[in-house]
Amino acid sequence: MVSPSHPNATEIGRLNGKVVVITGASKGIGKSTATAFAAAGAKVVLAARTRETLEQVAADLRKSGAEALAVPTDVTSTDAVKRLIQRTLDTYQHVDILVNNAGVGYFGPVVDFAPDDWDMVLNSNLKAIYLCAKYALPPMLAQGSGQIINVLSIAAKVAFEASAAYCAAKAGALALTKVLASEVRQQNIRVTAVLPGSVRTPFWDGVPEPPDFEQMLKPEHVAETIVSVCGQPSGMVTEEIVVMPPLGIL
Ligand SMILES: NC(=O)c1ccc[n+]([C@@H]2O[C@H](COP(=O)([O-])OP(=O)(O)OC[C@H]3O[C@@H](n4cnc5c(N)ncnc54)[C@H](OP(=O)(O)O)[C@@H]3O)[C@@H](O)[C@H]2O)c1
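Residues numbered from 1 in each chain as written. Predicted model: local features only at pLDDT ≥ 70, side-chain atom pairs only at ≥ 80, totals over all residues. Heavy atoms only, no water.

Student: How do you make sense of the site of the ligand when you look at a structure like this?
Tutor: Near the ligand there are 31 residues, and of these S26, T50, Y166, V199 and T201 occur at the shortest range. A distance of 2.7 Å separates an oxygen atom of the ligand from a polar backbone atom of V199. Protein burial of the ligand: of its 880 Å² of free accessible surface, 95% is covered by the chains. A per-class count over the shell around the ligand returns 14 nonpolar, 13 polar and four charged. (Near = heavy atom within 4 Å. Polar contact = N/O pair within 3.5 Å; in protein donor to acceptor, adjacent residues only side chain to side chain. Areas by Shrake-Rupley, 256 points an atom, 1.4 Å probe, with all protein chains shown as cover. Nonpolar A, V, L, I, M, F, W, Y, C, P; charged D, E, K, R; others polar.)

Written out as structure tokens, the structure is:
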């Protein structure tokens, strides 16, 4: 918990008791984001496919006094996403914040890129945001408030070679974010796109010739950004935020 003397105590105090669903919460940015929300007093619902890793993260958070629920979920599956939201409502009765963070990156030139890999990248980075928003929105609309944070990438705006599926998915997700924001702003639901540059996470495991790990952002940097956006007062919305390593694109 944050002491009242913490410089961000007012902002973070707004998150106390909030119910936050975080996808891709077993590793990397999602795990750091879950940890940061839990430290701010939020109740966190963690989603990812691999049960053991996810349950370990939830168990560690509970050990530190947080309320954390692990719901193994493949966010590309309609039924699984419905179950995730229903489990959240059954346990905590509402959903205040949804962080759409899950996603995979497969890379290679278009001519060599496998159709199944294309589907995997598009479904996890783009379709999943639509699915999670679709099923989290009804309870948010019913309660008259909510916040959706979509973790995209600078690849939504910059064309990286050998990254067609990833860039297309993230650019599509940025368009989806803008449409969603305009559809629900009248109902007091705030939607934000977060576009990080390179972040040192397991995302890069197995990627040939990755950028310099030492220069990358830490997942905590992105987590802090997300928590701080969610702690902003009502009456304002941060629509888009780009978070880059100091050296920019690596
Ligand atoms: N790392 C970077 O440099 C960077 C930069 C900009 C943006 N991003 C974006 O940030 C987000 C998180 O990336 P990260 O770096 O933290 O990656 P990561 O360390 O590889 O973690 C990805 C998380 O997503 C989960 N996941 C993947 N596919 C899923 C699915 N179909 N259903 C549910 N969960 C799924 C993974 O768990 P399971 O495998 O167990 O499902 C894991 O928890 C991604 O959207 C990524 O595109 C990353």
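Student: Looking at this structure, how should I read the packing of helix α2 (residues 28-39) against helix α7 (residues 219-230)?
Tutor: What describes two packed helices is the angle between their axes and the distance between those same axes. Look at α2 against α7: their axes get within 8 Å of each other, and the N-to-C directions meet at 50°. For the element pair α2 / α7, the angle class is oblique. Judged by the sense of rotation from one axis to the other, the crossing of α2 with α7 is right-handed. Residues G28, I29, S32, T33, A36 and F37 of α2 form the contact with α7, whose participating residues are P219, E220, V222, A223, I226, V227 and C230. (Axes fitted to C-alpha atoms, helices over the stretch in contact; angles between N-to-C directions. Helix = DSSP H or I, 4+ residues; strand = E, 2+ residues; numbered from the N terminus. Parallel < 35°, antiparallel > 145°, perpendicular 65-115°, else oblique. Left-handed = near helix turned anticlockwise from the far one by under 90°. Contact = heavy atoms within 4.5 Å.)

Student: Looking at this structure, I do not really get the pattern of salt bridges. What am I missing?
Tutor: Note that side chains of opposite charge can pair when their charged atoms are close. Under the counting rule described, the total for this entry stands at four salt bridges. The shortest N-O distance in the salt bridge between K157 and E240 comes to 2.4 Å. Note that K157 is positioned in the loop between β5 (146-151) and α6 (164-184) and E240 in strand β7 (residues 240-243), a separation of 83 residues in sequence. (Salt bridge = Lys/Arg side-chain N within 4 Å of Asp/Glu carboxyl O.)

Student: Honestly, the nonpolar core in this entry has me stumped. Any pointers?
Tutor: Looking at soluble globular proteins, one finds that nonpolar side chains tend to be buried together. Counting 33 residues, the largest nonpolar core has F37, V44, L46, L61, V99 and I226 as its most contacted members. Top contributing element to this core by residue count: α7, with five residues. Those residues in contact with V44 that lie beyond four places of it in its chain are V20, I22, A34, F37, A38, L61, E67, A68 and L69. With 27 residues, the next largest nonpolar core counts V45, A102, A136 and M140 among its residues. (Core = buried A, V, L, I, M, F, W, Y, C linked by side-chain atoms within 4.5 Å. Buried < 20%, exposed > 50% of the residue type's maximum accessible area, 1.4 Å probe, protein only.)

Student: Can you walk me through α7 in this structure?
Tutor: Since the α-helix packs 3.6 residues into each turn, any two residues three or four apart lie on the same face. For α7, which comprises 12 residues, the first-to-last C-alpha distance of 17 Å matches the rise-based estimate of 16 Å (1.5 Å per residue) to within 8%. Those residues of α7 that fall on the buried side of the exposure criterion are P219, V222, A223, T225, I226, V227, V229 and C230. In this structure, the buried side of α7 is in contact with α2, β4 (97-100), β5, β6 (189-196) and β7. (Expected span 1.5 Å × (residues − 1).)

Student: When you look at the pairing of β7 in this model, what are you seeing that I'm missing?
Tutor: Sheet faces and side chains relate simply in a regular strand, where the side chains alternate between the two faces. Of the pairings in the sheet, the one linking β6 to β7 comprises four bridges and is parallel in character. Looking at β7, one finds that P196 is bridged to V243. Traced from β6 through α7 to β7, the parallel crossover comes out left-handed. (Pairing = 2+ DSSP bridges. Right-handed = clockwise from strand over helix to strand, strands pointing away.)

Student: Could you clarify how one ought to interpret the side chain of S163 in this entry?
Tutor: Mapped onto the secondary structure, S163 falls in the loop between β5 and α6. There is a polar contact of 3.2 Å between the side chain of S163 and the backbone oxygen of E161. Excluding its chain neighbours within four sequence positions, the residues that come into contact with S163 are F107 and G108.

Student: What exactly am I supposed to notice about the pairing of strand β3 (residues 67-70) here?
Tutor: Two elements, strand β2 (residues 43-47) and β3, share four bridges in a ladder whose sense is parallel. What sits directly across from L46, in β3, is A70.

Student: What exactly am I supposed to notice about the sheet that holds β6 here?
Tutor: Strands in a sheet are paired, the pairing made by backbone hydrogen bonds, and the direction either parallel or antiparallel. Taking strand neighbours across the sheet as the criterion, the seven strands line up as β3-β2-β1-β4-β5-β6-β7 in an open arrangement whose pairing is parallel. Whereas interior strands pair on both sides, the edge strands pair on one side only; in this sheet they are β3 and β7. Taking the axes of each pair of neighbouring strands and ignoring which way they run, one obtains an average angle of 15° across the sheet. Sheet strands touched by α2: β1 (19-23), β2 and β4. Its angle to β1, the strand with the most contacts, is close to 170°. Contacts from α7 reach β4, β5, β6 and β7, with the element oriented near 155° to β5.

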